[in-house]
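Residue-level structural notes
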Amino acid sequence: MNSVSKGRNEGIKSVMKDFVERAVNLYENMRDQPVCPSAREDALELLRERQVPQEGRPIEEVFEEMLQEVYSGAPLAQHPRNFSCVPSTASLFSWMGDVMTGAFNPHAGCRSNAPAAGMIEEKLIRWMCGLAGYPKGSGGVFVSGGSMANLTALTAARDLKLPFSERSRGVVYVTDQTHSSVSKGLHIIGFDRQQIHIVPTDGAFRMNVSALKEAVRKDRAAGKKPFAVVASAGSTNTGSVDPLREIGLLCREYNMWMHVDGAFGASALLSKRQRKLLSGIELSDSLSWDAHKWMMQTYSCSVVLVRRQSDLLRSFSAHPEYLKDAEYAEDGTEFWDLGPELTRPARSLKLWLTLQAVGSLGMERMIDHGCAMAELAERVLRTYPGWEIVSSASLGIVNFRYVPFGISSESHLNRINQEIAREITASGYAQVFTTELQGKKVLRMCTIHPQITEEDIHNTIERLRQSEAARRAGRQLDKTAS
Ligand SMILES: *Cc1c(COP(=O)(O)O)cnc(C)c1O
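This section reports on the structure supplied with the text. Remember, it's a predicted structure, so these values are computed and weren't measured experimentally.

Counting through the fold element by element, Arg 169 comes out in the loop between helix H6 (146-161) and strand E2 (170-175). For the pair Arg 169 and Gln 194, spaced 25 residues apart in the sequence, the C-alpha separation amounts to 10.0 Å. If sequence neighbours within four positions are ignored, Arg 169 has contacts with Gln 195, Gly 223, Lys 224 and Lys 225. Of the polar contacts made by the side chain of Arg 169, one reaches the backbone oxygen of Gly 223; its length is 3.0 Å.

Moving on, we get to the sheet that holds strand E5 (residues 257-261). Strands sit in the order E1-E7-E6-E5-E4-E2-E3 across an open sheet of 7 strands; the sheet is mixed. The strands lining the two open edges of the sheet, one partner per strand, are strand E1 (139-143) and strand E3 (196-199). Geometrically, the sheet is characterised by an average inter-axis angle of 20° between neighbouring strands, direction not taken into account. In this structure, strand E6 (residues 286-290) lies alongside strand E7 (residues 302-306), joined through 5 bridges in antiparallel fashion. Bridging across to E7, Trp 289 finds its partner in Val 303. On the sheet, helix H8 (residues 209-221) packs against E2, E3 and strand E4 (225-232) and is oriented at approximately 165° with respect to E2.

Here the focus is the site of the ligand. In the neighbourhood of the ligand, 14 residues make up the surrounding shell, with Gly 146, Ser 147, Asp 261, Asp 290 and Lys 293 lying closest. Between the ligand and the protein, one listed contact pairs an oxygen atom with a side-chain N or O atom of Lys 293 at 3.0 Å. Contributing elements (two or more residues each) for the shell around the ligand: H6 and helix H10 (291-294). Of the residues belonging to the shell around the ligand, the class tally is 2 nonpolar, 9 polar and 3 charged.

Tracing the backbone shows Asn 417 in helix H13 (residues 410-427). Asn 417 sits in the buried class, given a relative accessible area of 0%. A polar contact is formed between the side chain of Asn 417 and the backbone oxygen of Leu 413, at a distance of 2.9 Å. When neighbours within four sequence positions are excluded, Asn 417 is seen to be in contact with Arg 401, Tyr 402, Thr 434, Lys 441 and Leu 443.

Strand pairing in a sheet relies on backbone hydrogen bonds, with the paired strands running either antiparallel or parallel. With antiparallel pairing, the 4 strands of this open sheet are ordered in space as E8-E9-E11-E10. With partners counted over all chains shown, the strands left at the sheet margins are strand E8 (387-394) and strand E10 (433-437), one partner each. Taken pair by pair, the neighbouring strands of this sheet meet at an average axis angle of 35°, ignoring direction. Set on the sheet, helix H12 (residues 348-382) makes contact with E8 and strand E9 (397-402); between it and E8 the angle comes to about 160°.

For the coordinates displayed, the defined rule picks out 32 salt bridges. In this structure, the salt-bridge partner of Arg 308 is Asp 285, at a minimum N-O distance of 3.1 Å. Taken as a pair, Arg 308 in the loop between E7 and helix H11 (309-316) and Asp 285 in the loop between E5 and E6 lie far apart in primary sequence, 23 residues in all. Residue class for Arg 308 comes out partly exposed when judged on its relative accessible area of 30%. According to the relative accessible area criterion, Asp 285 is buried, its value standing at 10%. Several salt bridges converge on common partners, so that one network encompasses Arg 50, Arg 57, Glu 61, Glu 65 and Glu 69.

With that out of the way, let us pick up a nonpolar patch on the surface. A contiguous nonpolar patch, built from Ile 12, Met 16 and Val 99 and spanning about 230 Å² of accessible area, is present on the exposed surface. Looking at where Val 99 falls in the secondary structure, it is placed in helix H4 (residues 92-104).

Attention now goes to the packing of aromatic side chains. Following the criterion strictly, the structure yields 6 aromatic pairs and no others. Ring centres 5.2 Å apart and planes at 25° place the aromatic pair Phe 191 and Phe 227 in the stacked group. Of this pair, Phe 191 sits in the loop between helix H7 (180-188) and E3 while Phe 227 sits in strand E4; the two residues are 36 residues apart in sequence, bridging distant segments of the chain. For the pair formed by Phe 191 and Phe 227, the shared burial category is buried. Aromatic side chains Trp 387 and Phe 400 sit 6.3 Å apart centroid to centroid with 45° between the ring planes, which places their arrangement in the tilted category. Of the two residues, Trp 387 is situated in strand E8 and Phe 400 in strand E9; the sequence distance between them amounts to 13 residues.

Parameters and conventions
Residues numbered from 1 in each chain as written. Predicted model: local features only at pLDDT ≥ 70, side-chain atom pairs only at ≥ 80, totals over all residues. Heavy atoms only, no water. Helix = DSSP H or I, 4+ residues; strand = E, 2+ residues; numbered from the N terminus. Contact = heavy atoms within 4.5 Å. Polar contact = N/O pair within 3.5 Å; in protein donor to acceptor, adjacent residues only side chain to side chain. Pairing = 2+ DSSP bridges. Axes fitted to C-alpha atoms, helices over the stretch in contact; angles between N-to-C directions. Near = heavy atom within 4 Å. Nonpolar A, V, L, I, M, F, W, Y, C, P; charged D, E, K, R; others polar. Buried < 20%, exposed > 50% of the residue type's maximum accessible area, 1.4 Å probe, protein only. Salt bridge = Lys/Arg side-chain N within 4 Å of Asp/Glu carboxyl O. Patch = residues over 30% accessible without salt bridge, like charges linked within 9 Å, V, L, I, M, F, W, Y side chains within 5 Å. Areas by Shrake-Rupley, 256 points an atom, 1.4 Å probe, with all protein chains shown as cover. Phe/Tyr/Trp six-rings, centres within 6.5 Å; stacked < 30°, edge-to-face > 60°.

As far as function goes, none of this settles anything; it's purely spatial.
As structure tokens, this is what we get:
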């Protein structure tokens, strides 16, 4: 233990104090920094040469080195003008919760190891089940992310609905907008690609329920076993929400499990204005909900909720001899019986801390703000000729593209829009990525960061319009027109 001697701890204390100062400053000055710093390669080059040393080194040195080579220079997912993918809404409260939880390092696998953390996890699960409209007997568990939440829920679906001997005939329904983690999870739990039926979506990127019904009928007639439907509540591409009520009723009619992937969008349940969009979610058997997407949390913090907690127990409980003394909960249910993990961090604590500090109304205001910013972006874009809305603002996401008058070649349009995205991202002012919808490359803005201002939206759109790629495409036209 000589490397953690008294003197060494003094060093840690002073660098950590220094770090708190720097980290808070980073957040305070975030909007003045480039979203994607460009000098990344030098830092990585230095790091490439480093090896694990035989003898330890002074912590002050390691600290500075890691700040320079590891933490700085990476794209800032939590920058207010990061509009790509699902930007991070991480707050300093969540970070503080991480630091506290990391320091005490409670083992959140069971209650005897961390009784208070267990109580908080249970309280939050109850609260979130309540928001989803789940009945008594529902439950869930914190997991690392939406991918794990989907995998956990689909395992429970399989175990309830498909006897082992029928697994090879099982079919699960998704759409062309379902997140890739769903098919990944299905693969992990033993399903083949042919067992995933992709149902088409309508013009608003929502599952076509009559096509679903038709597919279920045909598959049953062919001797297959339709056992689950995965509905999206906030698809990653467009923020679209599948017709949850109709899907729920159909699932009941055909004895299928309804899983809702709300990794991104379930947070809208916190908003009185937005939650209407998710109506019907209460019919589902399970729900994935990432707090690290739209509830201000650092990675990783997510929950999987189930209508009947017993469905998780059926799939995940194990009672090995070496854990008997640690079993403690009155009903015998420990968190390690509810999901794939045994040892795990107390992920609920940072969310609890954040909610205590921000309040549910604070969360609601953030959700409403994110939605309003995407709506603003759509309104502004609609005033400019040549800027086409491909999917209207939904849950803080809007997709659009530049279609200069006279250019109709899709591949040319794809190139123009790709270049527009590259240009603004390279400028460091904002990060905007493309996605593909109905075979078109489109610009996508996800505007959920709580500190986005109206000015950010106006300036970003103005920069897209004034980008070299957009102006060149516009000019070409003037030439051909004259
Ligand atoms: C992000 C996302 C996921 C995956 O969640 P991770 O936390 O990245 O594992 C799943 N589904 C949807 C709809 C998502 O947006």
